[in-house]
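# Working through the structure, step by step
If you want the building blocks of each chain, they are given just below.
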Amino acid sequence: MKKSIHPKFLLFVILFLYAFTNHAQVKPLPNQAWLEDLEVLDNLIKTKHVKPYWVNTESTFEAVLKNAKKLIQQKGVSQEAIALEFLKLIATIKDGHSSLSGSNRYELFGYLPFSAEWFGDKIYIIRAHPKYKQLLGAEITAVNGRPIDKVMELLEMVVPHANTQRFKKFSPYYLHLPGVLYGLGITSENRKAELTIRAPDGKKQKVKIEDIGDEEDLLDFIAEPERSLYAQKPDRPYWFKYFKEDSILYLNYNRVTSINEDNVWAFCERLFQFIEDNPVDKFIVDIRENGGGSNAYSTPIWYGIINNPKINQAGKLFVITGYKTFSAAINFACYLEQKSKALFIGEPVCDHPIHPGDPDSFELPNSKFKINLSQFYHESSFYMDERTTMSPDITVDMSFEEYSRGQNPIIDFVKRYKKSSPELLKTINPKFLGTYQFSPYEKLDLIKTGDAYAIKIGNQLQSPLYLGKNGLLETEIKGLQIDLSSNENLAVIYPDGKKRQLSKTNSESADLYQFFLDGRMKDAYSLLLSIQNSGIDTKIWKDYALTQLALEVYYDLKGKNQDLAKQRAREILNMAIELNPNDNEYASYSLRFY
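A brief report on the enclosed structure follows. (Residues numbered from 1 in each chain as written. Predicted model: local features only at pLDDT ≥ 70, side-chain atom pairs only at ≥ 80, totals over all residues. Heavy atoms only, no water.)

Another aspect to go through is the overall build of the protein. A tally of regular secondary structure across the protein gives 18 helices and 26 strands. Based on the C-alpha atoms only, the size of the protein along its principal axes is roughly 70 × 60 × 50 Å. Counting every position in the protein, which comprises 594 residues, the buried fraction comes to 56%. Excluding contacts between residues fewer than 6 apart, the proportion of contacts in the protein whose partners are at least 24 apart in sequence is 68%. Entry remark: accessible area of the protein is about 25300 Å², with carbon and sulfur atoms responsible for 48%. If the 73 positive side-chain charges of the protein are averaged to one point and the 75 negative ones to another, these points end up 2 Å apart. (Helix = DSSP H or I, 4+ residues; strand = E, 2+ residues; numbered from the N terminus. Buried < 20%, exposed > 50% of the residue type's maximum accessible area, 1.4 Å probe, protein only. Contact = heavy atoms within 4.5 Å. Areas by Shrake-Rupley, 256 points an atom, 1.4 Å probe, with all protein chains shown as cover. Lys, Arg positive; Asp, Glu negative; His and termini not counted. Charge placed at Lys NZ, Arg CZ, Asp CG, Glu CD.)

Here is the structure:
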């Protein structure tokens, strides 16, 4: 996981490299060499990716592989078209973390010097080389005469994505690769394209653009002082601003990382002290531009939020998500969705709440393609959460016109927002109260809190129950419902509509996190070992998952006894090492911090 890099600087580096490589291209190879590389890629995906068939079936993957072998052996096929067969195979995994590396894409397929973004269902050019400054602010309607929606249908085959939001985020990065457009048959030349645009004044025109190999910087459509609030400091991973007149505190969280000049722990100390010292009627956490990072660095932020009663209240805490919210930022959103009273606003995020991540890089022997493949499966949401995205409670989009004027429609919405709570469940048949086994490693408790009722799932979720439609009970997780209509057992209805009947159990039943908190390490180890040996489709016993749990247990205990907190964390990490003797880099590395 790397630090955030300003888009201008990244493009400068890319263009600078082109000046010395005299235009990028796919290395010509004989068919046999391509086939050898394809076999290596096939093996890498099947043996190195943490869960290659997490979305698509193995038969789907094999069909794409078969077509790739067939195309490679055909006569007259361009090297770009062959290279795209590798991208298609990777894209079949449906994993936004698994891809041809970014630098490799530009080396192989070139670069048309513009950047674009989606606003609603239209794509606009927001940066362009000075030679093509007439493109700034223009909507792209076609490429080489092919309507943009048809172009996107072809790009869907090569862009790695698990949902439409990730494609929305990633597709502009492929749209400006001329070799990709050529390999897909959209253009007739591998370094040029013709864009049909609708300029800001409404006029349509055609502009021919080429990979010019110039290191000159790109022009921005919007001058820096006019930027919307969320985009004012793109180089800062986290910063906050106070609106005194509205008593609103705004936290912009751009990257899940920690920087030397203002580490995340020092930043959080300053942030929460500010909250303590000032009136805060509403607290906004903006992660719409956050593409991820390392989960450990988000813990002091979300933990500080959920344990601060001044801001963790319905109607006071807001989280802004968007189609660029990805990876560790989605995990961060999951923690707040499950553990806080936040209202989510904006657009859906660009991956599943439970998803693969943390890729390693591999190089193919002949083509030298650098391939990223996910190594860990992040289960930051509740057990069996199969949502393809996390949808906000309230959808608020930004139009291109609002972006152009530097407006903040979501911030304006929060300023106007008046709390409107659904009716709490205050009457229940006592027979439903008690403990249920929710997953192999956590229990669900149906409990009374004050004069109302709530559910608590391990350390993952505690939510009041609200009266819903058709006799169902709503939770604070959008779409997660409870059904008490049948017998003494309750049923959970998931956001995707599937329903699970839970059985009652005793209060001492398996709950991994509670075992850790209580120091019942033998019970925890036995539980994890049974899950590991059972083939149950959960990665809770893996190195990365236990490393994250060690961090959470540490935070939960350190306020009471820091020495005990460190001891528990070390015990969990050592357990992770023992359960994963050949794959424990996170746990081994993390031991030094406790």
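A word on the sheet that holds strand E9 (residues 238-243). Read from one edge to the other, the open sheet built from six strands follows the order E9-E10-E11-E12-E13-E16, with strand pairing classed as mixed. Each end of this open sheet is capped by a strand with a single partner; those strands are E9 and strand E16 (394-395). Sheet analysis places strand E13 (residues 343-346) next to E16, joined by two bridges and oriented parallel. In the strand pairing of E16, Ile-345 is matched with Ile-394. In this fold helix H9 (residues 264-277) packs onto E9, strand E10 (248-253) and strand E11 (282-286), with an angle of close to 10° to the strand it touches most, E9. (Pairing = 2+ DSSP bridges. Axes fitted to C-alpha atoms, helices over the stretch in contact; angles between N-to-C directions.)

Attention now goes to helix H6 (residues 148-155). Inspection of H6 places Ile-148, Val-151, Met-152 and Leu-155 among the buried residues, and these make up the whole buried set. Seen along its axis, H6 keeps its buried residues to an arc of 100°; they face one direction. Buried residues belonging to H6 abut strand E2 (114-119), strand E3 (122-128), strand E4 (139-143), strand E5 (146-147), helix H7 (164-175) and helix H8 (178-183). (Arc of directions from axis to C-beta.)

Turning to the nonpolar core, a few remarks are in order. Note on soluble globular proteins: their nonpolar side chains tend to be buried together. One finds Phe-283 and Phe-516 to be the most contacted residues of the largest nonpolar core, which totals 90 residues. Ranked by residues supplied to this core, first place goes to helix H16 (residues 543-558) with eight residues. If you look at the next biggest cluster of nonpolar residues, it comprises 70 residues, including Phe-61, Trp-118, Ile-148 and Ile-371. (Core = buried A, V, L, I, M, F, W, Y, C linked by side-chain atoms within 4.5 Å.)

Of note, Asn-144 is a non-glycine position whose phi angle comes to about 50°, a positive value. A positive phi angle, near 55°, is found at Asn-470, a position not held by glycine. In this fold, Asn-470 is placed in the loop between strand E21 (466-467) and strand E22 (473-474). By relative accessible area, Asn-470 is classed as exposed at 79%.

This part takes up the sheet that holds strand E23 (residues 481-483). In a beta sheet, neighbouring strands are held together by backbone hydrogen bonds and run either parallel or antiparallel to one another. Taken together, five strands build an open sheet; the order of strands is E21-E22-E23-E24-E25 and the sheet is antiparallel. Bordering the open sheet on either side are E21 and strand E25 (499-501), each of which pairs with just one other strand. In this structure, E22 lies alongside E23, joined through two bridges in antiparallel fashion. If you follow Glu-474 over to E23, its bridge partner there is Gln-481.

Attention shifts here to the packing of aromatic side chains. The tally for this structure, following the rule as stated, stands at 34 aromatic pairs. Ring centres of Phe-119 and Phe-400 lie 5.2 Å apart, and the angle between their planes is 70°; this geometry places the pair in the edge-to-face category. Residue Phe-119 is located in strand E2, and its partner Phe-400 is located in helix H12 (residues 400-404); the two are separated by 281 residues in the primary sequence. Judged by its relative accessible area of 9%, Phe-119 is buried. Geometrically, the ring pair formed by Phe-221 and Phe-400 is stacked, given 5.4 Å between the ring centres and 20° between the ring planes. Placement of Phe-221 in the loop between strand E8 (219-220) and E9 and of Phe-400 in helix H12 is noted, with a sequence separation of 179 residues between them. An aromatic cluster is present here, built from Trp-302, Tyr-303, Tyr-335, Tyr-554, Tyr-555 and Tyr-594 joined pairwise through their rings. (Phe/Tyr/Trp six-rings, centres within 6.5 Å; stacked < 30°, edge-to-face > 60°.)

The pairing of strand E17 (residues 434-439) with strand E18 (residues 442-449) spans five bridges and is classified as antiparallel. Pairing of Tyr-436 across the sheet is with Leu-444, part of E18. The antiparallel hairpin formed by E17 and E18 contains two residues in its connecting segment. As paired strands, E18 and strand E19 (residues 452-457) are joined by six bridges and run antiparallel to one another. Looking at the pairing, Asp-445 lines up with Lys-456 of E19. Joining the antiparallel neighbours E18 and E19 is a turn of two residues, in which Gly-450 adopts a positive phi near 70°.

This next bit is on the side chain of Arg-568. Looking at the element boundaries, Arg-568 is found in helix H17 (residues 562-579). Excluding its chain neighbours within four sequence positions, the residues that come into contact with Arg-568 are Phe-516, Leu-517, Asp-518, Gly-519, Met-521, Val-553 and Leu-557.

Mapped onto the fold, Ser-588 is located in helix H18 (residues 585-590). Overall, the relative accessible area of 32% leaves Ser-588 in the partly exposed class. Here the alpha-carbon distance between Ser-588 and Arg-570, two residues 18 residues apart in the chain, equals 9.9 Å. Looking at Ser-588, its side chain comes within polar contact range of the side chain of Asn-584, at 2.6 Å. (Polar contact = N/O pair within 3.5 Å; in protein donor to acceptor, adjacent residues only side chain to side chain.)

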